[in-house]
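Listed here are the chains, written in short residue letters.
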Amino acid sequence: MRKSLSIVGAAIIVLGVGLCAVAWAQPDDEPMSELRFVVLKDYNGKPVRNAAVVLHPIRKGKQTKGGLELKTDNDGRTNIDGIPYGPLRVQVLAPGFQTFGQDYKIDKPELEITVKLKRPGEQYSAGDQAGTNKTDDNSQPEQKPHQ
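In this convention, every chain numbers its residues from 1, walking through the sequence in written order. With the structure being a predicted model, the display of local features is reserved for residues of pLDDT at least 70 and the display and counting of side-chain atom pairs for 80 or more, all residues being used for whole-chain, interface and lining totals. For the side-chain quantities, the full set of heavy atoms in the structure was used; hydrogens and water were omitted.

Undergrad: Is there a simple way to think about the overall build of the protein chain in this case?
TA: Helix numbering and strand numbering both begin at the N terminus, where a helix is a DSSP run of H or I of at least 4 residues and a strand a DSSP run of E of at least 2. In terms of regular secondary structure, the protein chain is built from one helix and eight strands. Starting at the N terminus, the α and β elements of the protein chain follow one another as α-β-β-β-β-β-β-β-β. The contacts of the protein chain with a sequence gap of at least 6 include a subset with a gap of at least 24, amounting to 55%. Approximately 11200 Å² of the protein chain is accessible, and the part contributed by carbon and sulfur atoms is 52%. Residue contacts follow a heavy-atom distance rule, with two residues in contact if any of their heavy atoms lie within 4.5 Å. Each accessible area is a Shrake-Rupley estimate made with a 1.4 Å probe; only the visible protein chains count as cover when residues are assessed.

The structure is reproduced here in structure tokens:
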């Protein structure tokens, strides 16, 4: 038990040092923004709790490796301060919903982004065609009259 706690503690320290290094790598005069996110269900407007909001900076037109993950609270909200101005890719993931992804231009000291997650659409495997009837091995496909 103590060994697991010490491993977790060490991981937190390493993560904290890494975040400090990233913060120090930013120029002092570069403008920063506070971002607020609200994640809602598209069909009824209720909050989505514990959704993952993943932030990926974009440099030279490409998404940088790594990223920062935030989790929404019971009200579907999360926020972060100290995000540098520039392009940012935002992804939102939550079980039972379609993944959301969009690029934003961060150019204000404060920005609130509202994301409405949709239910998953009908899925097809590579061999299926949209609109065809799926059958199991023991049944015959439904016959439609010819007109």
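Undergrad: So what exactly am I meant to see when it comes to the nonpolar core here?
TA: As a rule of thumb, soluble globular proteins bury nonpolar side chains together. The set of buried Ala, Val, Leu, Ile, Met, Phe, Trp, Tyr and Cys residues whose side-chain atoms join them within 4.5 Å is what this entry labels a nonpolar core. Each residue's exposure class comes from its accessible area (1.4 Å probe, protein chains only) as a fraction of the maximum for that residue type: buried when under 20%, exposed when over 50%, partly exposed otherwise. In terms of nonpolar packing, the biggest core is built from 22 residues, with Leu35, Phe37, Val53, Leu55, Val90, Val92 and Leu117 touching the most fellow members. Going through the elements one at a time, strand S1 (32-41), strand S2 (52-59), strand S5 (77-84), strand S6 (86-93), strand S7 (100-106) and strand S8 (110-117) are the ones with two or more residues in this core. At four residues, the largest contribution of residues to this core is made by S8. Once residues within four sequence positions are removed from consideration, Val92 is found in contact with Val39, Ala51, Ala52, Val53, Gln98, Thr99, Phe100, Val115 and Leu117.

Undergrad: Quick question: what am I supposed to make of the pattern of salt bridges here?
TA: When their charged atoms lie close together, side chains carrying opposite charge are able to pair. In the sections that follow, a salt bridge refers to a side-chain nitrogen of Lys or Arg positioned within 4 Å of a carboxyl oxygen of Asp or Glu. One pass over the structure, following the stated rule, counts six salt bridges. With a shortest N-O distance of 3.6 Å, Arg36 and Glu110 are connected by a salt bridge. With Arg36 in strand S1 and Glu110 in strand S8, this pair connects stretches of sequence that are 74 residues apart. Judged by relative accessible area, Arg36 falls into the partly exposed class, the value being 27%. Note on Glu110: relative accessible area 47%, which makes it partly exposed. Among the ionic pairs, Glu112 bridges to Arg36, the shortest N-O distance being 3.7 Å.

Undergrad: What am I meant to see in the sheet that holds S8 here?
TA: One key point about sheets: their strands pair by backbone hydrogen bonds, in either a parallel or an antiparallel sense. Strand pairing requires that DSSP identify at least two bridges connecting the strands. Read from one edge to the other, the open sheet built from three strands follows the order S5-S1-S8, with strand pairing classed as mixed. Edge strands, defined here as strands with exactly one partner in the open sheet, are S5 and S8. Between one strand axis and the next, the sheet turns by 25° as a mean value, whatever way the strands run. Both S1 and S5 contribute to a ladder of seven bridges, which runs antiparallel. Across the sheet, the residue bridging to Phe37 is Thr78, located in S5. Lines fitted to C-alpha atoms define the axes here, with helix axes fitted over just the stretch in contact, and angles between the N-to-C directions of these axes take values from 0 to 180 degrees.

Distances and angles like these do not, on their own, reveal function.
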